[in-house]
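Descriptive analysis of the structure
Each chain, letter by letter, is given below.
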Amino acid sequence: MLEHGGNLRDALVRYGRPAADWLDLSTGINPYFYTVSPDFLQPNAWHRLPEKSFALSQAAQDFYGAPTMLAVAGTQVAIQTLPCLRPISKVVVSAPSYAEHAYQWRQHQHQVREVAYDALASAIPDADVVVVCNPNNPTGALIEPDVLLNWAAQLARRDGWLIVDEAFADTMTDLSVAAYTNRPGLIVLRSVGKFFGLAGLRLGFVAAQAELLERLEIHLGPWTISGPAQQIATKALMDLDWQQAMRVELAGQGERLRQLLLEHGLGSSGTDLFQWCSEQNLHCDAELFWQHMAEQGIWLRLFRQAARGVRFGLPPDEAGWQKLTQALTLWRVRQSIQAAA
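Described below are features of the structure shown in this document. Remember, it's a predicted structure, so these values are computed and weren't measured experimentally. (Residues numbered from 1 in each chain as written. Predicted model: local features only at pLDDT ≥ 70, side-chain atom pairs only at ≥ 80, totals over all residues. Heavy atoms only, no water.)

Concerning the sheet that holds strand S7 (residues 186–191)
Strand order in this open sheet of seven strands is S2-S8-S7-S6-S5-S3-S4, and the pairing throughout is mixed. The two strands at the open ends of the sheet, each matched to only one other strand, are strand S2 (69–72) and strand S4 (111–116). Going across the sheet, the axis of each strand differs from the next one's by a mean of 20°, ignoring polarity. Pairing of strand S5 (residues 129–133) with strand S6 (residues 161–165), which is carried by five bridges, proceeds in the parallel orientation. Along S6, the bridge assignment pairs Cys133 with Asp165. On the sheet, helix H6 (residues 145–156) packs against S5, S6 and S7 and is oriented at approximately 150° with respect to S6. Contacts between helix H7 (residues 210–220) and the sheet are confined to S2, S6, S7 and strand S8 (204–207), with S2 contributing the most and set at about 20° to the helix. (Pairing = 2+ DSSP bridges. Helix = DSSP H or I, 4+ residues; strand = E, 2+ residues; numbered from the N terminus. Axes fitted to C-alpha atoms, helices over the stretch in contact; angles between N-to-C directions. Contact = heavy atoms within 4.5 Å.)

Digging into the nonpolar core
In terms of nonpolar packing, the biggest core is built from 84 residues, with Leu162, Phe196, Phe205, Leu237, Phe289, Phe312 and Leu324 touching the most fellow members. If you tally residues by element for this core, the top one is helix H9 (residues 240–263), at six residues. Among all residues touching Phe289, those that are not within four sequence positions of it are Leu266, Leu282, Cys284, Leu300, Val310, Phe312, Leu328 and Trp331. Residues Trp105, Ile163, Leu189 and Leu216 belong to the second largest nonpolar core, which totals 22 residues. (Core = buried A, V, L, I, M, F, W, Y, C linked by side-chain atoms within 4.5 Å. Buried < 20%, exposed > 50% of the residue type's maximum accessible area, 1.4 Å probe, protein only.)

Focus on the pairing of strand S3 (residues 90–95)
Judged by how many residues are buried, S3 sits mostly within the fold: five of six residues are covered. With helix H4 (residues 100–107) bridging S3 and the parallel S4, this β-α-β connection has right-handed handedness. Where S3 lies against S5, three bridges are found, and the strand directions are parallel. Within S5, the position partnered with Val91 by the bridge is Val129. (Right-handed = clockwise from strand over helix to strand, strands pointing away.)

Brief notes about helix H8 (residues 227–238)
Here H8 is 12 residues long and its end C-alpha atoms lie 17 Å apart, about the 16 Å a rise of 1.5 Å per residue gives. Most of H8 is tucked away, with 10 of its 12 residues classed as buried. The complete set of buried residues in H8 reads Gly227, Pro228, Ala229, Gln230, Gln231, Ile232, Ala233, Thr234, Ala236 and Leu237. Residues of H8 that are buried make contact with helix H2 (54–64), S8 and H9. (Expected span 1.5 Å × (residues − 1).)

Keep in mind that these numbers describe shape and distance, not what the molecule does.
Written out as structure tokens, the structure reads:
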């Protein structure tokens, strides 16, 4: 299995530090997560088989602006399943990117090329499937919707697909192409795990033409999403006041993180939910910096392969911000001493 953020157990084993002493910034999940009272759930939520919820589908279509959506048990399930729905194809995946995309297409014997963002346009004519994270994870790079729609049209003319993973697009609503997924060959993935901070629900959505969603649903089988997850997600997707307030909150917190890193000599890019520092902006080996932060009880996401660098999530409280500030200050002091030696 591939390595992902949120693997705090690895840190506990490796460093022997108790969980309470760690600041886990290894994911881009909103630390100010949506909460519901246990009393909110219907009394039979844990008892009945979870039938398909039309209320959830409608809430998702309203929130994401998509004509038709299929709820799935996390977008990871869709990422693993979509390669099963095509014959062997020539697949282009933006790089660096969420590693599961390229991995899953390769697992199903497709011909996969990982192509840098600035070279994607030139790769379209020779591809059957193109997969893009927008905004990108981990770099925060963006592709304008008009460009994506043009690529989708080119691919559709030869029965190809453009898959756009918009897991981090909830704070950038103008970026989404979900509204256009009634067009052939355009598939959009959305997640409640990031913006709503509900990764534990294991719930996401796929937007595409109805025929493709039907094929995907048949492949996945019945009862894929628990009843409680359906009820909680429906409430979150309909809570417009919370959404509006959270977008404002995350914009401020994301800028605070960017400025904090900059104050310590670390240029970054990203979204309101995370910041990315390439090895070039770290001015050192990425693993060395990651090791220093781990020794201070801060768990970052280290990227060793296609992207060399680290990703910072948002601290959950003022104590977390102070812990991060102290670790960055110590890093800068140590670097200054080494440079003067």
